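An overview of the molecular structure
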Amino acid sequence: MSKFDPYEHLKVALNPDGSLTRYIRLPTTPATGENTQLVGQSAASKDVVLSEEKKTWLRIYRPAKLPSNDKSIARLPIIIYFHAGGWIQLSVEQTVIHESCNLLSSEVPAIVVAVEFRLAPESRLPAQYEDATDAILWVKDQAVNENGDRWMKEFGDFSRCYLYGVSCGANIAFNAALQVQDMNLEPVAIAGLVMNQPFFGGKQRTKSELKLATDPYFPLPVIDLLWELALPKGTDRDHRYCNPFVDGAYKEKIKSLGRCLVIGFGGDPLIERQQDFVQMLVLQGVLVEARFDDVGFHGIDMIDTRRAAAIINFIKEFV
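Residues numbered from 1 in each chain as written. Predicted model: local features only at pLDDT ≥ 70, side-chain atom pairs only at ≥ 80, totals over all residues. Heavy atoms only, no water.

- Per an unreviewed UniProt entry, the protein goes by the name Alpha/beta hydrolase fold-3 domain-containing protein and belongs to Coffea canephora.
- According to its UniProt record, the protein has this under Sequence similarities (unreviewed entry): "Belongs to the 'GDXG' lipolytic enzyme family." (UniProt positions renumbered as here; feature names shortened; annotations may be inferred.)

**Examining the side chain of Arg307**
- Tracing the backbone shows Arg307 in helix α10 (residues 305-318).
- The class of Arg307 is buried, set by a relative accessible area of 18%.
- Among all residues touching Arg307, those that are not within four sequence positions of it are Phe265, Asp293, Val295, Gly296, Ile300 and Asp301. (Helix = DSSP H or I, 4+ residues; strand = E, 2+ residues; numbered from the N terminus. Buried < 20%, exposed > 50% of the residue type's maximum accessible area, 1.4 Å probe, protein only. Contact = heavy atoms within 4.5 Å.)

**Focus on the pattern of salt bridges**
- Applying the stated rule across the entire model yields 20 salt bridges.
- Residue Asp224 is joined to Arg237 by a salt bridge in which the shortest nitrogen-to-oxygen separation is 3.7 Å. Taken together, the residues Asp224 in helix α7 (residues 220-230) and Arg237 in the loop between α7 and α8 (251-254) connect sequence positions 13 residues apart.
- On the accessibility criterion, Asp224 (19% relative accessible area) is buried. (Salt bridge = Lys/Arg side-chain N within 4 Å of Asp/Glu carboxyl O.)

**Details of the UniProt feature "domain: Alpha/beta hydrolase fold-3" (unreviewed entry) in the protein**
- In this structure's numbering, the residues bearing the UniProt feature "domain: Alpha/beta hydrolase fold-3" (unreviewed entry) are residues 79-300.
- Across residues 79-300, helical content stands at 37% and strand content at 18%; the span's end C-alpha atoms are separated by 21 Å.

**Some points on the pairing of strand β4 (residues 56-63)**
- Summarising burial for β4: eight of the eight residues are buried, a large majority.
- Residues Thr56, Leu58, Ile60 and Arg62 line one face of β4 and the alternating positions Trp57, Arg59, Tyr61 and Pro63 line the opposite face, and both faces are buried.
- Here strand β3 (residues 43-51) pairs with β4 via eight bridges, running antiparallel. Across the sheet, residue Ala44 finds its bridge partner in β4, namely Arg62.
- Connecting β3 to the antiparallel partner β4 that follows it, the hairpin turn spans four residues, and Lys55 within it adopts a positive phi of roughly 60°. (Pairing = 2+ DSSP bridges.)

**Here we look at the packing of helix α2 (residues 95-107) against α10**
- Two elements in contact, α2 and α10, have axes whose closest approach is 10 Å; the angle formed by their N-to-C orientations is 40°. Relative to α10, the element α2 is oriented oblique. At the point where α2 passes α10, the crossing takes the right-handed sense. Contacts between α2 and α10 involve Leu103, Leu104 and Glu107 from the first element and Ile312, Ile315 and Lys316 from the second. (Axes fitted to C-alpha atoms, helices over the stretch in contact; angles between N-to-C directions. Parallel < 35°, antiparallel > 145°, perpendicular 65-115°, else oblique. Left-handed = near helix turned anticlockwise from the far one by under 90°.)

**Considering empty space enclosed by the protein**
- For the structure on display, the rule yields one cavity of 30 Å³ or more.
- Roughly 40 Å³ of volume is contained in the largest cavity.
- Around the largest cavity sit Phe200, Gly201, Gly202, Arg205, Glu209, Leu220, Ile223, Asp224, Trp227, Arg237, Leu270 and Arg273, which together line it.
- Top contributing element to the lining of the largest cavity by residue count: α7, with four residues.
- Partitioned by chemical class, the residues of the lining of the largest cavity number five nonpolar, two polar and five charged. (1 Å grid on protein atoms, 1.4 Å probe; cavity = no way out; pocket = protein on both sides within 12 Å on 5 of 7 lines; lining within 4 Å. Points joined across faces, edges and corners; volume = space filled by probe spheres on them. Nonpolar A, V, L, I, M, F, W, Y, C, P; charged D, E, K, R; others polar.)

This is the structure:
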C-alpha cells in the first residue's frame, strides 16, 4: 500500500494555498422551478439562497402528487438532507444527488430540503455543522414568517422534521442535532434522525478497517486523507467531530436525541464503528432502529438502484 496515492484515487490535487483541484466533473441537473408543468416528473424542485456570505443554498423538493388542500389530510414530513462526498466532493445540483432527492420526495412522500453546504478543505469542520444549523433555522423561519416559502407552509408538517444524512452527511445530521438542542426551534420539532452509513473515525483501528484496508472503493488511506482534509488543523482523528466516543460535555446531549435510524453494510470498512455507534446510542437511552445488511459496501446505494429503493422504504417506514 506504500505506492497507493489517495489523491489519485479521489481524482483531486492539493494546491499550495490549501484548496483542492477536483478533476471529476459530474453531470448536473437544474431545478424544475416553482411553476413548471411536471410532465413525467416525480417531483418539483427549486433553489433558495441560504447564506450569500457563505455561498450556501438549498434545493427544495415537493412531490408531483400533493396531498389535498383538505385540512384533514396529513401534511408531509420535512426531511432536511445532507449529501455524501467525504466532506470534499459532490453537490445537490449533481444529477446523482438530485435524482436521489427526487425519489426521496416522491416515494416517502416528503418535502425535502437538500443543503448545499461548504466543502473541505476550503472550509473545514465545523463549517458544515454551521451550515446545517443555518438550514434548520431557515426551516423555522418559514414556519413563523407570514411570507415564508409557499411549499413549506402549504404542504410541510413543521412538527415532523427529520435530519437525513449519507456518509459524511450522516455525521453532519448527528452533530447538527446536538447543536440545535440549545436553540428554540418552535414550532419546528426534530422528530428523528436518519443516518445512512455514517462516517465516523478514530485513531485506533477497528477490525473491519484493517480487514478492508485495501477496499477498492473506500480504502483506509483514502479514509485517513478525508479526515486530514476535513478536521480542524492541528487535530487528529480522536477529535469529537470524527470520533463520537471521546468524552466531552456534548455526550450529555446524546440522551436527548429523538428516534434514530442507522443504516449500514457489512462490506463497509466503517461497519464496526457504525455498530458501536448504535450501541452507544442505545446505552444513552436513545430509541434506535438499526438496519445492517451483511452484503454491500460504502456508497452501494449510489450505484445499486435496488439498495437505494430499500433504503427509501426504511425511511418511509421510519417517518
